[in-house]
Amino acid sequence: MANLIDGKQISANVKEQVRIETEQLKEKYGIQPALAVVIVGNDPASRVYVNNKKKACEYIGIRSLSYELPGATTQEELLQLIEKLNQREDVDGILVQLPLPSHMNEDLVIQTISPKKDVDGFHPESVGNLSIGRKGFVSCTPAGIIELLKRSKVPMDGANCVILGRSNIVGKPMGMLMLRENATVTICHSHTKNLKKIAKSADILIVALGQPKMVTADYVKEGAVVIDVGIHRMEDQKLCGDVDYDQVEPIASAITPVPGGVGPMTIAMLMKNVVEAKEK
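It is worth spelling out the overall build of the protein at this point. Looking only at helices and strands, one finds 10 helices and 11 strands in the protein. Against the 2.2 N^0.38 benchmark of 19 Å for 280 residues, the protein shows a C-alpha radius of gyration of 19 Å, consistent with a compact globule. Buried positions account for 49% of the 280 residues belonging to the protein. Considering only intrachain contacts with a sequence separation of at least 6, the fraction spanning at least 24 residues in the protein is 70%. Of the roughly 13900 Å² of accessible surface on the protein, a fraction of 50% belongs to carbon and sulfur atoms. The averaged location of the 34 negative side-chain charges in the protein is 2 Å from the averaged location of its 33 positive side-chain charges.

Listed below in structure tokens is the structure:
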């Protein structure tokens, strides 16, 4: 039976540490970190994420500025708002909730955010810093996974890590972070041959494919650590991940549940990035 990697508890610990840091900033220097959150349109999932971020800000003591724009907002209007927020000294982090409406260029929007305020870690400068080992903001989900592994005392140095998925938000930065921890990294994707065989060689298997319950027992080596990044709502309204938990849990040595695994860590690391932005 696998050890459960409890993302709820670990994220609560991270948020508590960040809350104490925020309190100290206020006491010592009389300053309060501030996060501007911009949402365009009325996507229900995006609304839930934004509300969760607001609640986390409130708990930690981060000032939250909310910009809720109609779906018909033009790209130019959005870029002008971001430029204004870039200039404001009382705003430390800027987060534009993705996905954006189809008439907007997400890459251009991300590139318009100042790298100093890019608390999502998506700006090309942030990604470039990560790839050459410089300090900078790291995408929150991969950063959260590293925190989960460290706090669960999973050895990464020398481990064989297989990542299923090559997205810019999870797969690619995850690979670079695992290299930074001295793991040997293989990134797989839809064109990978012998996917099951490669996955089964992993000491640490990180799954970010976007396919519900795709990873079954025959993808997983006995005793592997399995991190499930996916989240899907099934027809019966229950949530599941990219990993078939019931099949894989008896084989793995440790596993993240869905929900309550990777998800809570993403917001915890975002809060950490906002406070770091203020400290810088």
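So, about the sheet that holds strand β3 (residues 63-69). Spatial strand order, β3-β2-β4: 3 strands in an open sheet with parallel pairing. At either end of the open sheet lies a strand with only one pairing partner, and these are β3 and β4 (93-96). Within this sheet the neighbouring strands show an average axis-to-axis angle of 15°, counted without direction. In this structure, strand β2 (residues 34-40) lies alongside β4, joined through 4 bridges in parallel fashion. Along β4, the bridge assignment pairs Val37 with Leu95.

Here the focus is empty space enclosed by the protein. Per the counting criterion, the structure on display carries 1 cavity of 30 Å³ or more. Within this model, the largest cavity holds a volume of roughly 50 Å³. Lining the largest cavity are Ile94, Val96, Leu98, Ile110, Ile113, Asp118, Asp120 and Phe122. Its residues assigned to classes, the lining of the largest cavity comprises 6 nonpolar, no polar and 2 charged.

This next bit is on the sheet that holds strand β11 (residues 254-255). The strand order β1-β11-β8-β7-β5-β6 describes an open sheet built from 6 strands, whose pairing is parallel. Unpaired on one side and paired on the other, β1 (3-4) and β6 (184-188) mark the two borders of the sheet. Here 4 bridges tie strand β5 (residues 160-164) to strand β7 (residues 204-207), and the two strands are oriented parallel to one another. Across the sheet, residue Leu164 finds its bridge partner in β7, namely Val207. Contacts from helix α7 (residues 171-180) reach β5, β6 and β7 within the one sheet, and its direction differs from that of β6 by about 170°.

Here the focus is the state of the cysteines. Enumeration over the complete set of coordinates arrives at 0 disulfides. Its sulfur unpaired, Cys140 is 12 Å from the next cysteine sulfur, which belongs to Cys57.

Tallying each qualifying case throughout the model produces 12 salt bridges. In this structure, Asp92 engages Lys278 in a salt bridge whose closest nitrogen and oxygen atoms are separated by 3.4 Å. Of the two residues, Asp92 is situated in the loop between α3 (75-87) and β4 and Lys278 in helix α10 (residues 263-279); the sequence distance between them amounts to 186 residues. Among the residues examined, Asp92 registers a relative accessible area of 8% and is labelled buried.

Analysis parameters
- Residues numbered from 1 in each chain as written.
- Predicted model: local features only at pLDDT ≥ 70, side-chain atom pairs only at ≥ 80, totals over all residues.
- Heavy atoms only, no water.
- Helix = DSSP H or I, 4+ residues; strand = E, 2+ residues; numbered from the N terminus.
- Rg over C-alpha atoms; globule rule 2.2 N^0.38 Å.
- Buried < 20%, exposed > 50% of the residue type's maximum accessible area, 1.4 Å probe, protein only.
- Contact = heavy atoms within 4.5 Å.
- Areas by Shrake-Rupley, 256 points an atom, 1.4 Å probe, with all protein chains shown as cover.
- Lys, Arg positive; Asp, Glu negative; His and termini not counted.
- Charge placed at Lys NZ, Arg CZ, Asp CG, Glu CD.
- Pairing = 2+ DSSP bridges.
- Axes fitted to C-alpha atoms, helices over the stretch in contact; angles between N-to-C directions.
- 1 Å grid on protein atoms, 1.4 Å probe; cavity = no way out; pocket = protein on both sides within 12 Å on 5 of 7 lines; lining within 4 Å.
- Points joined across faces, edges and corners; volume = space filled by probe spheres on them.
- Nonpolar A, V, L, I, M, F, W, Y, C, P; charged D, E, K, R; others polar.
- Disulfide = S-S within 2.5 Å.
- Salt bridge = Lys/Arg side-chain N within 4 Å of Asp/Glu carboxyl O.

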